[in-house]
Amino acid sequence: MELVEEDRYRFRIAREGDMRVPGVVFATRGLLADAEKSLAQVVHVATLPGIVAASYAMPDIHWGYGFPIGGVAATAVDEGGVVSPGGVGFDISCGVRLLAADCDRAELAPALEEVMDVLGRTVPRGAGPGGVWRLTGPGQLERLLRGGSRYAVEEGHGEERDLARCEDGGAVADADAGQVGPRARERGLGQVGSLGSANHFLEVQQVAEVYDPPAADAFGIAAGQVCVMIHCGSRGLGHQICTDHVRAMDRAMARYGIRVPDRQLACTPVDSPEGRAYLGAMAAAANYGRANRQLLTDAARRAFGRVAGRRLSLVYDVSHNLAKIETHEVAGRRRRLCVHRKGATRAFPPGHPDLPEDLRAVGQPVLIPGTMGTASYVLAGVAGGGAFFSTCHGAGRRMSRHEAARKVSGSQLRARLAQDGIAARPLSWRGLAEEAPEAYKDVGEVVAASEGAGLCRIVARLVPLGVVKG
DNA sequence: ATGTCC
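Just so we're clear, the structure is a prediction, and the values are computed from it rather than from any experiment. (Residues numbered from 1 in each chain as written. Chains lettered and ligands numbered in written order. Predicted model: local features only at pLDDT ≥ 70, side-chain atom pairs only at ≥ 80, totals over all residues. Heavy atoms only, no water.)

**Description of the overall build of chain A**
- Looking only at helices and strands, chain A has 13 helices and 19 strands in total.
- Computed over its C-alpha atoms, the radius of gyration of chain A comes to 21 Å, within 12% of the 23 Å expected for a compact globule of 470 residues.
- C-alpha atoms of chain A, sized along the principal axes, occupy 60 × 50 × 50 Å.
- Looking at the 470 residues of chain A, the share that counts as buried comes to 63%.
- Of the contacts made within chain A by residues no fewer than 6 positions apart, 76% connect residues no fewer than 24 positions apart.
- Summing over all exposed atoms, chain A offers an accessible surface of approximately 17,300 Å²; the carbon and sulfur share of this is 48%.
- Once the 56 positive and 53 negative side-chain charges of chain A are each reduced to a mean point, those two points are 4 Å apart. (Helix = DSSP H or I, 4+ residues; strand = E, 2+ residues; numbered from the N terminus. Rg over C-alpha atoms; globule rule 2.2 N^0.38 Å. Buried < 20%, exposed > 50% of the residue type's maximum accessible area, 1.4 Å probe, protein only. Contact = heavy atoms within 4.5 Å. Areas by Shrake-Rupley, 256 points an atom, 1.4 Å probe, with all protein chains shown as cover. Lys, Arg positive; Asp, Glu negative; His and termini not counted. Charge placed at Lys NZ, Arg CZ, Asp CG, Glu CD.)

**Points about the nonpolar core**
- Formed by 101 residues in total, the largest nonpolar core has its most connected members in Val-25, Tyr-56, Leu-379 and Phe-388.
- In terms of residues, this core owes the most to one element, helix 9 (residues 273-308), which gives eleven residues.
- Grouped together as the second largest cluster of nonpolar side chains are 35 residues, Val-362, Ala-424, Val-459 and Ala-460 included. (Core = buried A, V, L, I, M, F, W, Y, C linked by side-chain atoms within 4.5 Å.)

**Describing the pairing of strand 19 (residues 456-469)**
- Strand 19 sits mainly inside the fold: twelve of its 14 residues count as buried.
- As defined by bridge partners, strand 8 (residues 201-210) adjoins strand 19 across nine bridges and the pair is classed as antiparallel. Across the sheet, Val-207 pairs through a bridge with Leu-462, a residue of strand 19.
- Both strand 16 (residues 376-381) and strand 19 contribute to a ladder of six bridges, which runs antiparallel. (Pairing = 2+ DSSP bridges.)

**Section: the packing of aromatic side chains**
- Applying the stated criterion to the full structure yields four aromatic pairs.
- Taking 5.0 Å as the distance between ring centres and 85 degrees as the angle between the ring planes, the aromatic pair formed by Tyr-65 and Phe-90 counts as edge-to-face. Of this pair, Tyr-65 sits in the loop between strand 4 (55-62) and strand 5 (69-76) while Phe-90 sits in the loop between strand 6 (82-83) and strand 7 (95-104), and the two are 25 residues apart along the sequence.
- What makes Tyr-65 partly exposed here is its relative accessible area of 26%.
- Three or more aromatic residues link up through ring pairs in this structure, and these residues are Phe-26, Tyr-56 and Phe-388.
- The ring of Trp-63 has Lys-37 sitting right over it, with the charged end atom 4.8 Å from the ring centre. (Phe/Tyr/Trp six-rings, centres within 6.5 Å; stacked < 30°, edge-to-face > 60°. Lys NZ or Arg CZ within 6 Å of the ring centre and 35° of its normal.)

**Remarks on the pairing of strand 2 (residues 10-13)**
- Residues Phe-11 and Ile-13 point to one face of strand 2 and are all buried, whereas Arg-10 and Arg-12, pointing to the other face, are not buried.
- Taken together, the three bridges between strand 1 (residues 4-7) and strand 2 define a ladder with antiparallel strand orientation. Across the sheet, the residue bridging to Asp-7 is Arg-10, located in strand 2.
- Counted along the chain from strand 1 to the antiparallel partner strand 2, the turn is two residues long.

**A few points about the UniProt feature "binding site: Mn(2+) 2" (unreviewed entry) in chain A**
- Mapped onto this numbering, the UniProt entry annotates "binding site: Mn(2+) 2" (unreviewed entry) at His-231 and His-320. A stretch of 90 residues holds the annotated residues, and the largest C-alpha distance among them is 10.3 Å, short enough that they meet in one place.
- With respect to the helices, strands and loops of the structure, His-231 is situated in strand 9 (residues 225-232).
- With relative accessibility at 4%, the residue His-231 sits in the buried group.
- Aside from chain neighbours lying at most four places away, what touches His-231 is Cys-94, Gly-95, Val-96, Leu-195, Asn-199, His-200, Phe-201, His-320 and Pro-369.
- Engagement of the side chain of His-231 in a polar contact is seen with the backbone oxygen of Asn-199, the distance being 3.2 Å.
- Within polar-contact distance, the side chain of His-320 engages the side chain of His-231 at 3.4 Å. (UniProt positions renumbered as here; feature names shortened; annotations may be inferred. Polar contact = N/O pair within 3.5 Å; in protein donor to acceptor, adjacent residues only side chain to side chain.)

**Here's the deal with the sheet that holds strand 12 (residues 321-330)**
- With mixed pairing, seven strands are arranged side by side in an open sheet as 1-2-3-4-5-13-12. Edge positions in the sheet fall to strand 1 and strand 12, since each has one partner strand and no second. This sheet shows a mean twist of 25 degrees between the axes of neighbouring strands, independent of strand direction.
- In the sheet, strand 2 pairs with strand 3 (residues 23-26) via four bridges, with the strands oriented antiparallel. Bridge assignment links Phe-11 to a residue of strand 3, and that residue is Val-25.
- Packed on one face of the sheet, helix 1 (residues 36-45) meets strand 2, strand 3, strand 4 and strand 5 and runs near 160 degrees to strand 4. (Axes fitted to C-alpha atoms, helices over the stretch in contact; angles between N-to-C directions.)

**Focus on the protein's contact with DNA strand B**
- In the vicinity of DNA strand B there are 14 residues, among which Arg-187, Gln-191, Ser-197, Asn-199 and Arg-235 approach most closely.
- The sugar-phosphate backbone supplies 62% of the atoms of DNA strand B found within 4 Å of the protein.
- The backbone of Ser-197 places a nitrogen or oxygen atom 2.9 Å from a phosphate oxygen of DNA strand B.
- Within the contact set of DNA strand B, a base oxygen lies 3.3 Å away from a side-chain nitrogen or oxygen of His-239.
- Residue contributions to the surface near DNA strand B peak at three residues, all from helix 8 (residues 235-252). (Near = heavy atom within 4 Å.)

**Describing the packing of helix 8 against helix 9**
- Contact pair helix 8 / helix 9: the axes reach a minimum separation of 9 Å and the direction vectors enclose 170 degrees. Classified by the interaxial angle, the pair formed by helix 8 and helix 9 is roughly antiparallel. Contact residues: helix 8 offers Arg-235, Leu-237, Gly-238, Ile-241, His-245, Met-249 and Ala-252, while helix 9 offers Glu-274, Gly-275, Ala-277, Tyr-278, Ala-281, Met-282, Ala-285, Tyr-288 and Asn-292.
- Along the lines of polarity and charge, the residues of the contact of helix 8 with helix 9 split into ten nonpolar, four polar and two charged. (Parallel < 35°, antiparallel > 145°, perpendicular 65-115°, else oblique. Nonpolar A, V, L, I, M, F, W, Y, C, P; charged D, E, K, R; others polar.)

Structure representation (C-alpha cells):
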C-alpha cells in the first residue's frame, strides 16, 4: 500500500477499490514502522457505508479488532451511515480520569509508601469479579446504567463539582439499559468500581513539566503537584455488550445489503433497529465506565485522606473508546455524524459550547496514559483539530504481551522502578512484565506527533511516583 | 480489553 507523505506528520492513502474515502494517517515515519496490518485496517474502514471525509488514524495506531486502535471514522447518520461495534472496541468507554492533590511531591513523600500500600489493598483489580460497590439488585444497576458518575455522586461517592469535569457531565441521556443483555448485566453486577487488568492502572503521579501555563492553570495543575491518574473501562459488561451486538449485526448486515472486507467490521445503519440497539447499550456501558471511575476516585480519595490528610479534586474524565452522534461541517455542509473513536480521544477546541465554562477559553483537557516507568501527558484540544476534534490516546504497544513477558522479569522490573522512585503494587509479576515501559512506544514521540499534526497541544508531562496494576 | 474458548 502506498503511503503518500503530505507533510511531516500527515500521510495519505489514496482511494482505490472499494474505498469510499481516502485514508489519512497522522504520524511520523518512525511511528509507522511495522504498521502494515493496522494501515490495512484503515483501508478496510474506508469502505464502510456512509463514511465521510476520511478513515483517520492517530499517531499511536496499532492493530485492533476490525478497526485499528487509534482509528477515527465518522459516518453520515442521515445518508445510510453505519455504526460498528468494532469502531468502539471491546472495552466500551475505556478512559482516563485525572485528579489533582492539594500537595506537591515533597509534601507527600513521607506518606507515599503507605498511601500505595492502602491503595494496593483497597483498589479492586485483576480479571474477574470484585469491585468497590456491591449492587443490591437489578434496580440499582439500572439506575447506574442511566446515571453514570451522576448516580455514583448521588449515592454519596463524590462531589457535585466532579460532574462538571466529566465528559457529558458524567452521564449520557441516550443510554438504553433495555439493550444490555442478561449476561452483560450479570457480569457487570459484581465489577462496579474495579480497575480490571492489562493496561489499566491507578497511578500516583507528579507534574514534571508544564508547557502551557495558562492551560495548566485553568485545568488546576502546576509543576511539582501530585496527581492521581485512573485508566479503566467498563469491564465485563462492556465486553459482553460488544460481543452480543457484533453477533447481532453480523447476522443482520446482509439484510441491509452491506458487505465488509472483514467480518470484524460488522455494522448496520445507525438508523436501524440493530444500530439503535447497539448505541443504546453502548451508552449504558459508557455510563457504567464513568461510574466505575467515579467509585475508584472515591477509593483514592479515602486513601489519600486517611493516610496523608490530602484532598483530590477532579481535573477531567474522558473516554477514548466511544461512538457519538455529533454535528460537524463536512465539505461546507453541517451534517449529523456518528463519530467512532477507538483508541482516540475527543479533543474539543477552545470555545466549544459543550465544555464547562471555566475550561472553555483553553479547550478540552485530554488525558494520555503513558507507561509506569516513563510519563503520561495532559493535552488540550485545538481549533481546526483535523479528525473531528480527536487526538491520540496513549503510547501504543511496541511488543506483544507474550514478547514482553518473555523478555522482562516482573520482579526485576519492580526493583528497577523502585530504584527510580516509583512504588509499584502489582497483582502479578506476569501482568507487570507485560506492561513494562520498553513494551511501549515513546509516548513523548506520540504526543509530539499529535501536536505537530495539529490535533492538540501539549500542556503538561506527568511522571509516575506509584502504580497500582491489575 | 476479556470469567484471555460456551
